[in-house]
Amino acid sequence: MWRRVALLSSLISHSKPSMHNQGPCTFKIWESFTSQSEVVTPSKAAPFITFVLGGPGSGKGTQCAKIVEAFGFTHVSAGDLLRREIASNSAYGSVILSTIREGKIVPSQVTVQLILKEMESSDNCKFLIDGFPRSEENRKAFEQVIGAEPDVVLFFDCPEQEMVKRVLNRNQGRVDDNIETIKKRLEVFDELNWPIVNYYTQRGKLHRINAVGTVDEIFEKVRPIFSALRSEVVERVRVMVVDRELDS
Ligand code: ADP
Ligand code: C5P
Ligand code: MG
C-alpha cells in the first residue's frame, strides 16, 4: 500500500497535468482490459488508444508525427509494420507484399498481431494506431483480441484528387505509390472505410478533420482534440503506472 501512496503522491505533485514524462509504462496488453465475453469497455488500467483513419495520402503519418511531438504518444503505423514484415523476409512477407501491390487489405489476424506486438514492446501507454482499422473485419479482429474499443478515432477527410497528388509526390520508393495501385487503393478505401466511420460516429468517438490545407493548419484542428483529452489521458497513464508498480 505504501508504494501506491508514494507513487500517487509523486504523480500528483505535478501542478499541471502533462502528457509527457510520466515514466515507463510496461504492461501486458492482454491483462490490461476487462475481457468478459461481450464487454468491450476498456478497464481503467488500459492503454489510451487512438485510431487514425483516412485515405491514402490524406496525411495520417504526417499528423501522427506532430501528435507524437506535442503530446508524447507512440505512433504505430499498420502500413509501416507490414512493410517491416516484408523487409524481414518473414513467413508472411510474400503474401503481404502481393496484397499491398494490389492495394488490398492484409488478413486482420496478421495485422492485429503485429500491432499488439509493437504495443507490448513499448514503455508508453498512449498510442496512435495509424491506418487501422481499414475494414470492419480489421475493427472486429482488434476488438476481439484486445477486448476493447479505441478511446478516440481521428478521420482525415481529404478529396481524392488531393490524395492522388500527394501520394504521387511522396517519393519514398513505395511499391504501391503508382497511379494503377492508387486507383485500387481508393476503390478499397471507398468500399470499406464508411462503415467504420459510421460505427465510430454513432459511438460518439469520431473526430472528422478536413485534411485540406497546410500541415500546420491541419494540426491546429488536431491539437484541441488532444488538449481537451489531457486530464483523461493523464489519469489513464497514472492508473496504469500504479497497476504496474503493484504487480511488480
Ligand atoms: P498517409 O499516411 O495518410 O498516407 P502521409 O502523411 O504519408 O499520408 O502524406 C502523404 C504525402 O503528402 C507525404 O509526402 C506528405 O509529406 C504530404 N503531405 C502530408 N500532409 C500534407 C498537406 N497538408 N499538404 C500537402 N502535402 C502533405
Ligand atoms: O497506411 P499505408 O498507406 O501505409 O498502407 C499501405 C498498405 O498496407 C495498404 O494499401 C494495404 O495494402 C496495407 N494495409 C492493410 N491493412 C491495414 C493497413 C495497411 O492491409 N490496416
Ligand atoms: Mg501513412
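Residues numbered from 1 in each chain as written. Chains lettered and ligands numbered in written order. Predicted model: local features only at pLDDT ≥ 70, side-chain atom pairs only at ≥ 80, totals over all residues. Heavy atoms only, no water.

- The name given to the protein in an unreviewed UniProt entry is UMP-CMP kinase, and the organism recorded there is Rubus argutus.
- Regarding the protein, the relevant UniProt record gives this comment under Sequence similarities (unreviewed entry): "Belongs to the adenylate kinase family. UMP-CMP kinase subfamily."
- On record in UniProt, under Subunit (unreviewed entry), the comment for the protein is "Monomer." (UniProt positions renumbered as here; feature names shortened; annotations may be inferred.)

## What to know about the site of ligand 1
In step 1: The full set close to ligand 1 counts 13 residues, and Gly57, Lys60, Thr62, Arg170 and Gly213 are the nearest of them.
In step 2: Ser58 places a polar main-chain atom, nitrogen or oxygen, 3.3 Å from an oxygen atom of ligand 1.
In step 3: One of the side-chain nitrogen or oxygen atoms of Thr62 is found 2.5 Å away from an oxygen atom of ligand 1.
In step 4: In isolation ligand 1 exposes 550 Å². Once the protein is present, 74% of that is buried. (Near = heavy atom within 4 Å. Polar contact = N/O pair within 3.5 Å; in protein donor to acceptor, adjacent residues only side chain to side chain. Areas by Shrake-Rupley, 256 points an atom, 1.4 Å probe, with all protein chains shown as cover.)

## Description of a negative patch on the surface
In step 1: On the surface, Glu160, Glu187, Asp190 and Glu191 cluster together into a negatively charged patch.
In step 2: Per-element accounting of the negative patch gives the leading share, 3 residues, to helix H8 (residues 179-202).
In step 3: Along the polypeptide, Asp190 turns up in helix H8.
In step 4: Overall, Asp190 belongs to the partly exposed group, its relative accessible area being 44%. (Patch = residues over 30% accessible without salt bridge, like charges linked within 9 Å, V, L, I, M, F, W, Y side chains within 5 Å. Salt bridge = Lys/Arg side-chain N within 4 Å of Asp/Glu carboxyl O. Lys, Arg positive; Asp, Glu negative; His and termini not counted. Charge placed at Lys NZ, Arg CZ, Asp CG, Glu CD. Helix = DSSP H or I, 4+ residues; strand = E, 2+ residues; numbered from the N terminus. Buried < 20%, exposed > 50% of the residue type's maximum accessible area, 1.4 Å probe, protein only.)

## A few points about helix H2 (residues 60-71)
In step 1: Its 12 residues place the ends of H2 16 Å apart at the C-alpha level, agreeing with the 16 Å of an ideal helix rising 1.5 Å per residue.
In step 2: Those residues of H2 not exposed but buried are Lys60, Gln63, Cys64, Ile67 and Phe71. Axial view of H2: buried residues confined to an arc of 105°, hence all on one face.
In step 3: Gly72 lies just past H2 and shows a positive phi near 70°. (Expected span 1.5 Å × (residues − 1). Arc of directions from axis to C-beta.)

## Section: the packing of helix H3 (residues 78-87) against helix H5 (residues 108-120)
In step 1: Remark: H3 packs on H5, axes separated minimally by 10 Å, with the N-to-C direction vectors making an angle of 100°. One way to sum up the angle between H3 and H5 is to call them roughly perpendicular. Facing H3, whose interface residues are Ala78, Leu81, Leu82, Arg84 and Glu85, H5 presents Val110, Thr111, Leu114, Ile115 and Glu118. (Axes fitted to C-alpha atoms, helices over the stretch in contact; angles between N-to-C directions. Parallel < 35°, antiparallel > 145°, perpendicular 65-115°, else oblique. Contact = heavy atoms within 4.5 Å.)

## Let's talk about the UniProt feature "binding site: CMP" (unreviewed entry) in the protein
In step 1: Per the UniProt record, "binding site: CMP" (unreviewed entry) is found at Asn138.
In step 2: Along the polypeptide, Asn138 turns up in helix H6 (residues 136-146).
In step 3: Excluding residues that lie within four positions of it along the chain, Asn138 makes contacts with Ile105, Val106, Ser108, Val112, Phe132 and Pro133.
In step 4: A polar contact of 2.9 Å, which involves the side chain of Asn138, links it to the backbone nitrogen of Arg134.

## Points about the site of ligand 2
In step 1: Taken together, 16 residues form the shell around ligand 2, and within it Arg83, Lys104, Val106, Gly131 and Arg174 come nearest.
In step 2: Here Arg174 contributes a side-chain N or O atom positioned 2.9 Å from an oxygen atom of ligand 2.
In step 3: Look at ligand 2: alone it shows 450 Å² of surface, and the protein chains cover 96% of it.
In step 4: Ranked by residues supplied to the shell around ligand 2, first place goes to H3 with 4 residues.
In step 5: Looking at side-chain class alone, the shell around ligand 2 contains 6 nonpolar, 4 polar and 6 charged residues. (Nonpolar A, V, L, I, M, F, W, Y, C, P; charged D, E, K, R; others polar.)

## Topic: the sheet that holds strand E2 (residues 74-77)
In step 1: The strand order across the open sheet built from 5 strands is E2-E3-E1-E4-E5, with neighbouring strands paired in parallel fashion. Looking at the sheet topology across the chains shown, the edges are occupied by E2 and strand E5 (206-210). Looking at each pair of strands side by side, their axes are set apart by 20° on average, direction ignored.
In step 2: Sheet topology places strand E1 (residues 48-54) next to strand E3 (residues 126-130); 5 bridges connect them, and they run parallel. Pairing of Phe51 across the sheet is with Ile129, part of E3. (Pairing = 2+ DSSP bridges.)

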